[in-house]
Amino acid sequence: MAKQRLQKIIAAAGLASRRKAESWIESGRVTVNGRVATIGESADVETDTITVDGRPVGRPEQKVYILLNKPSGYVTSLSDPEGRAVVTELLSDVTERVVPVGRLDLTTEGLLLMTNDGELAQQLAHPSFHVDKTYLVRVRGEVTPTTIKSLEQGVMLEDGPTAPAVVEAGRSSGSHSWLKITIHEGRNRQVRRMCEALGYPVSRLRRIGYAFLTDDKLDVGRYRHLTLREVERLKKLNEKHKPGRGRGKAKC
Ligand code: URA
């Protein structure tokens, strides 16, 4: 393998973002062949011994990108102190140490991206990186056009107003209504809190779109590897990505 910048090697190993790795180099935490590394230095991960805080930085694993259709009742985490089921338990044939990109609540179902590409995971989950996330939402009560407008324009939550969203009204039975909501922020329990703030408790929540990724054929609890083209597209996403673009229609 050719020489690469140290920050790139550290990021590829999934230890930190490139920027963070640079700060580790600056503060003398990184060594190459027993010598403290300097900023701008390159090394060969095959032949040089690189350490961070004395721990060797291994060869990067094969990168894997997985789309899981998360069932309700699974925690979006690698382990759970309360002993509840975690999403990684569903990845029966995956030996790489993948992490979830963002999170879905315990009872939320739907598309969850998981990868061992630490750099991409950090980039996608960063608040400045506007990835569209589309949800099918069942709320209690009959939703009015005024409520739809409020959801679209932004709802005041305790951590500030939400950014404009794309909202479509779906079926309504009187006691329940379905909505399709696309947001690009990723605040904690955001969709539930937006609906609750307007007087509509959420009784079911399912993510049906993550950026351009959708998958009607993926059964609940199943996963698939992304295609090379999908991985390339994900890497090309940038901050100019705006909500409401590039998604197919879904029935709600
Ligand atoms: N919004 C929520 O309220 N919960 C989720 O799991 C995802 C988005």
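Residues numbered from 1 in each chain as written. Predicted model: local features only at pLDDT ≥ 70, side-chain atom pairs only at ≥ 80, totals over all residues. Heavy atoms only, no water.

Describing the overall build of the protein chain
Consideration 1: Helices and strands together make up the secondary structure of the protein chain, namely six helices and 16 strands.
Consideration 2: Seen through its C-alpha atoms, the protein chain measures out along the principal axes to roughly 70 × 35 × 35 Å.
Consideration 3: For the protein chain, the proportion of its 252 residues judged to be buried stands at 45%.
Consideration 4: Relative to all contacts within the protein chain whose residues are 6 or more apart in sequence, the contacts with residues 24 or more apart total 65%.
Consideration 5: Split by element, the accessible area of the protein chain, about 13,500 Å² in all, is 49% carbon and sulfur.
Consideration 6: Within the protein chain, one finds 41 positive and 31 negative side-chain charges whose respective centroids are separated by 4 Å. (Helix = DSSP H or I, 4+ residues; strand = E, 2+ residues; numbered from the N terminus. Buried < 20%, exposed > 50% of the residue type's maximum accessible area, 1.4 Å probe, protein only. Contact = heavy atoms within 4.5 Å. Areas by Shrake-Rupley, 256 points an atom, 1.4 Å probe, with all protein chains shown as cover. Lys, Arg positive; Asp, Glu negative; His and termini not counted. Charge placed at Lys NZ, Arg CZ, Asp CG, Glu CD.)

Quick look at the pattern of salt bridges
When the charged atoms of two side chains with opposite charge come close together, those side chains can pair.
Consideration 1: Inspection of the entire model under this criterion finds 16 salt bridges.
Consideration 2: Between Arg18 and Glu119 there is a salt bridge, with its nearest N and O atoms 2.7 Å apart. Residue Arg18 is found in helix H2 (residues 18-26), and its partner Glu119 is found in helix H3 (residues 118-125); the two are separated by 101 residues along the sequence.
Consideration 3: Via salt bridges that share partners, Glu158, Asp159, Glu185, Arg187 and Arg193 belong to a single interconnected network. (Salt bridge = Lys/Arg side-chain N within 4 Å of Asp/Glu carboxyl O.)

Observations regarding the pairing of strand S10 (residues 133-140)
Look at any regular strand and the pattern is simple: side chains alternate between the two faces of the sheet.
Consideration 1: The buried count for S10 comes to six of eight residues, which makes it a mostly enclosed element.
Consideration 2: Here S10 runs beside strand S14 (residues 176-183); their pairing, made up of eight bridges, is antiparallel. Following the sheet pairing, Lys133 is matched in S14 by Ile183.
Consideration 3: Here seven bridges tie S10 to strand S15 (residues 202-210), and the two strands are oriented antiparallel to one another. Bridge assignment links Arg138 to a residue of S15, and that residue is Arg204. (Pairing = 2+ DSSP bridges.)

Remarks on the site of the ligand
Consideration 1: Near the ligand, the surroundings consist of Leu104, Asp105, Thr108, Tyr135, Arg189, Gln190, Val191, Arg192 and Leu205.
Consideration 2: One of the backbone N or O atoms of Gln190 is found 3.3 Å from an oxygen atom in the ligand.
Consideration 3: Within the backbone of Val191, an N or O atom sits 3.2 Å from a nitrogen atom of the ligand.
Consideration 4: Computed on the free molecule, the ligand has an accessible area of 240 Å², of which 96% lies beneath the protein chains in the complex.
Consideration 5: Counting residues domain by domain, the shell around the ligand receives three or more from each of domain 2 (65-126 + 215-240) and domain 3 (133-210). (Near = heavy atom within 4 Å. Polar contact = N/O pair within 3.5 Å; in protein donor to acceptor, adjacent residues only side chain to side chain. Domains from an automatic or database assignment.)

Concerning the environment of Ile25
Consideration 1: Residue placement: Ile25 occurs in helix H2.
Consideration 2: Exposure remark for Ile25: the relative accessible area of 3% places this residue in the buried category.
Consideration 3: A sequence separation of 16 residues divides Ile25 from Glu41, and the C-alpha atoms of the two residues are 9.3 Å apart.
Consideration 4: The residues contacting Ile25, other than those within four sequence positions of it, are Leu6, Gln7, Val30, Ala37, Thr38 and Ile39.

Focus: the domain arrangement of the protein chain
Consideration 1: Each assigned domain of the protein chain is listed with its residue range as follows: domain 1 (4-56), domain 2 (65-126 + 215-240) and domain 3 (133-210).
Consideration 2: Between the C-alpha centres of domain 2 and domain 3 the distance comes to 22 Å.
Consideration 3: At the interface, 13 residues of domain 2 touch eleven residues of domain 3.
Consideration 4: Summing both sides of the interface, domain 2 and domain 3 together bury roughly 980 Å²; the carbon and sulfur share of this comes to 39%.
Consideration 5: When the area that domain 2 buries against domain 3 is broken down by residue, the three leading residues are Asp105, Glu109 and Leu111, summing to 47%.
Consideration 6: At the junction of domain 2 and domain 3, the tally comes to two salt bridges. (Buried area = accessible area lost by both parts, 1.4 Å probe.)

Considerations on the nonpolar core
Consideration 1: Within the largest apolar cluster, 31 residues are counted, with the highest numbers of intra-cluster contacts made by Val137 and Ile181.
Consideration 2: When residues of this core are traced back to their parent elements, those giving at least two are strand S7 (65-70), strand S9 (109-115), S10, helix H4 (145-153), S14, helix H5 (190-197) and S15.
Consideration 3: Each of domain 2 (65-126 + 215-240) and domain 3 (133-210) gives at least three residues to this core.
Consideration 4: Once you skip the residues sitting within four places of it in the chain, Val137 turns out to touch Ser177, Trp178, Leu179, Ile181, Val191, Cys195, Val202, Arg204 and Leu205. (Core = buried A, V, L, I, M, F, W, Y, C linked by side-chain atoms within 4.5 Å.)

Topic: H5
Consideration 1: Of all eight residues in H5, six are buried, a share of seventy percent or more.
Consideration 2: Restricting attention to buried positions, one finds in H5 the residues Gln190, Val191, Arg192, Arg193, Met194 and Cys195.
Consideration 3: Elements in contact with the buried residues of H5: S10, H4, strand S11 (156-157), S14 and S15.
Consideration 4: Residue Gly199 follows H5 closely and has a positive phi angle near 90 degrees.

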